[in-house]
Amino acid sequence: MKIAQVAPLIESVPPKGYGGTERVVSYLTEALVAQGHEVTLFASGDSVTAADLVPIVDRSLRLHPRQPDPLVWHTVQLDEVCRRAASFDVVHFHADFLHYPLVRHWHTPCVTTLHGRLDLPDVVALHRHFHEHPVVSISNAQRAPLPDANWCATVYHGLPPELYTYHPQPDDYFAFVGRVSVEKRLDRAIEIAIACNTRLRVAAKVDRADRPYFEQTIQPLLGHPLVEFVGEIDESCKNDFIGQARALLFPIDWPEPFGLVMIESMACGTPVVAYACGSVPEVMEDGITGRVVNTQAEAIDAARHIDRIDRRACRQVFERRYSSAAMAEHYLQVYQTLMRTRTQQRTGTRAAEITM
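Residues numbered from 1 in each chain as written. Predicted model: local features only at pLDDT ≥ 70, side-chain atom pairs only at ≥ 80, totals over all residues. Heavy atoms only, no water.

A.B. asks: Let's hear about the sheet that holds strand β2 (residues 38-43): which residues, and what values?
C.D. replies: What the 7 strands build is an open sheet, ordered β3-β2-β1-β4-β5-β6-β7; its pairing is parallel. Either end of the sheet is taken by a strand with one partner, and the two such strands are β3 (52-55) and β7 (150-154). Averaged over all adjacent pairs, the angle separating strand axes in this sheet is 25°, with direction ignored. In this sheet, β7 lies alongside strand β6 (residues 134-137) in parallel orientation, the contact comprising 4 bridges. Counterpart to Pro-134 in the pairing with β7 is Asn-150. Against the sheet, helix α1 (residues 20-34) engages β1 (2-6), β2 and β4 (90-93), with an angle of about 160° to β2. Lying over the sheet, helix α12 (residues 324-340) contacts β1, β4, β5 (110-113), β6 and β7, oriented at roughly 145° with respect to β5. (Pairing = 2+ DSSP bridges. Helix = DSSP H or I, 4+ residues; strand = E, 2+ residues; numbered from the N terminus. Axes fitted to C-alpha atoms, helices over the stretch in contact; angles between N-to-C directions. Contact = heavy atoms within 4.5 Å.)

Given below as structure tokens:
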């Protein structure tokens, strides 16, 4: 099958540091290539892939020294994809919605995975207007604000099994990995660690938009002797950083669409203490891969007794549910359905939804 993957240009594929969407696009692309498909990746020029790379801009936009306008370069990317669309069996978008008006007129089947939060009024209005466009959710919970969208499937994220190794014996610390932002609630993680008298190691990036929150709310908390702020780390460091932790703390306060770090933690054998927001009850198996909680009191109690969770079981759940090969197989079912129903799609008929 000839497949186009269209990635955001904010980070490289895979990203050098933090970047969930681009990381998933990388895992999916490489798994499809490994299965013998002809894959073309539209991404930034510093991306690394076994697929045919179409570089849109010389390097990813977030760390680009010139600070290019993202709208300009995503427009260029869309034009490149349009120019080549007829040569593909299917085009898979991972970059927002700029393509929606154009793909209405294509003969080539296309689909968009929605990687972000959808509970925003403008997003609802957008998908009401483009109600026929096929979309994929990354959790069932993510769909709640858009019940009438043209959902083709829910496909959970997956990782290459060899990327993270099982760590049977942890060190005595908790880990926090992600962004420093209001919804990620690093402040909760710090409170949990201090209440448990356990070190907290924080591997997180601070986006420009989150800098005021970091300086006003988080930075004053980092002086505690139990808290170590490591900053943003790359893929090569995450295996041991997460794997050697007693637990990953994921005390979020927003409708998390998926939460890639949860399955990264499972892959290491590290249990997760997570708030029951968004996808968490779907992705986690409470009592098996960690604990799903609703309050700080529950979170602190869960963290104190996290050694009751079998680390081997965490790894086994990852291998059963969240491999990149399984993710690729599920997406191939989506592609094949779209190809079979391309005629109906052009006339506005909804594609049959796939049950994963």
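A.B. asks: Give me the lowdown on the side chain of His-157, citing residues and values where you can.
C.D. replies: By the element assignment, His-157 lies in the loop between β7 and β8 (173-179). Aside from chain neighbours lying at most four places away, what touches His-157 is Val-24, His-115, Ile-138, Phe-258, Leu-260, Ile-263, Tyr-322 and Met-327.

A.B. asks: Describe helix α4 (residues 121-129), and please don't skip the residues or the numbers.
C.D. replies: Turning to α4, its buried residues number three or more, namely Val-123, Leu-126 and His-127. Buried residues in α4, looked at end-on, bunch into an arc of 90°, giving them a common side. Away from its buried face, by an angle of more than 90 degrees, α4 presents the exposed residues Pro-121, Asp-122 and Arg-128. The inward-facing, buried residues of α4 abut α3 (100-103) and β6. (Buried < 20%, exposed > 50% of the residue type's maximum accessible area, 1.4 Å probe, protein only. Arc of directions from axis to C-beta.)

A.B. asks: Residue-level account of the pattern of salt bridges, with values.
C.D. replies: Within this structure, the stated rule accounts for 23 salt bridges. One salt bridge in this structure joins Asp-172 and Arg-246, with 3.3 Å as the shortest N-O distance. In this pair, Asp-172 sits in the loop between β7 and β8 while Arg-246 sits in the loop between α7 (235-243) and β11 (247-250), placing the two residues 74 residues apart along the sequence. Taking the relative accessible area as the measure of exposure, Arg-246 reaches 12% and is therefore buried. With its nearest N and O atoms 3.1 Å apart, the salt bridge here joins Asp-286 to Arg-291. By relative accessible area, which is 46% here, Asp-286 ends up partly exposed. Overall, Arg-291 belongs to the partly exposed group, its relative accessible area being 32%. Look at the salt bridges and you will find they share partners, linking Glu-11, Arg-62, Lys-205, Asp-207 and Glu-232 into a network. (Salt bridge = Lys/Arg side-chain N within 4 Å of Asp/Glu carboxyl O.)

A.B. asks: Can you lay out the pairing of β1 for me, pointing to particular residues and giving the numbers?
C.D. replies: In summary, the side chains of a regular strand alternate between the two faces of the sheet. Across the 5 residues of β1, 4 count as buried, placing the element largely inside the fold. Alignment of β1 against β4, held across 4 bridges, turns out to be parallel. Looking at β4, one finds that Gln-5 is bridged to His-92.

A.B. asks: Account for the nonpolar core, naming residues and giving values.
C.D. replies: Within the largest apolar cluster, 88 residues are counted, with the highest numbers of intra-cluster contacts made by Leu-186, Leu-200 and Tyr-335. If sequence neighbours within four positions are ignored, Leu-200 has contacts with Phe-174, Ala-175, Phe-176, Leu-186, Ala-189, Ile-190, Ala-193, Leu-226, Val-227, Glu-228 and Leu-249. Counting 17 residues, the second largest nonpolar core, distinct from the first, contains Val-6, Val-57, Leu-78 and Cys-110. (Core = buried A, V, L, I, M, F, W, Y, C linked by side-chain atoms within 4.5 Å.)

A.B. asks: Give me the state of the cysteines: which residues, what numbers.
C.D. replies: Joining two cysteines, a disulfide is a covalent bond between their sulfur atoms. Applying the stated criterion across every chain yields a total of 0 disulfides. Take Cys-277: it sits in no disulfide, and the sulfur closest to it among the cysteines is that of Cys-196, at 19 Å. By relative accessible area, which is 18% here, Cys-277 ends up buried. Of all cysteine sulfurs in the structure, the one in Cys-268 sits closest to Cys-314, which takes part in no disulfide; the separation is 10 Å. (Disulfide = S-S within 2.5 Å.)

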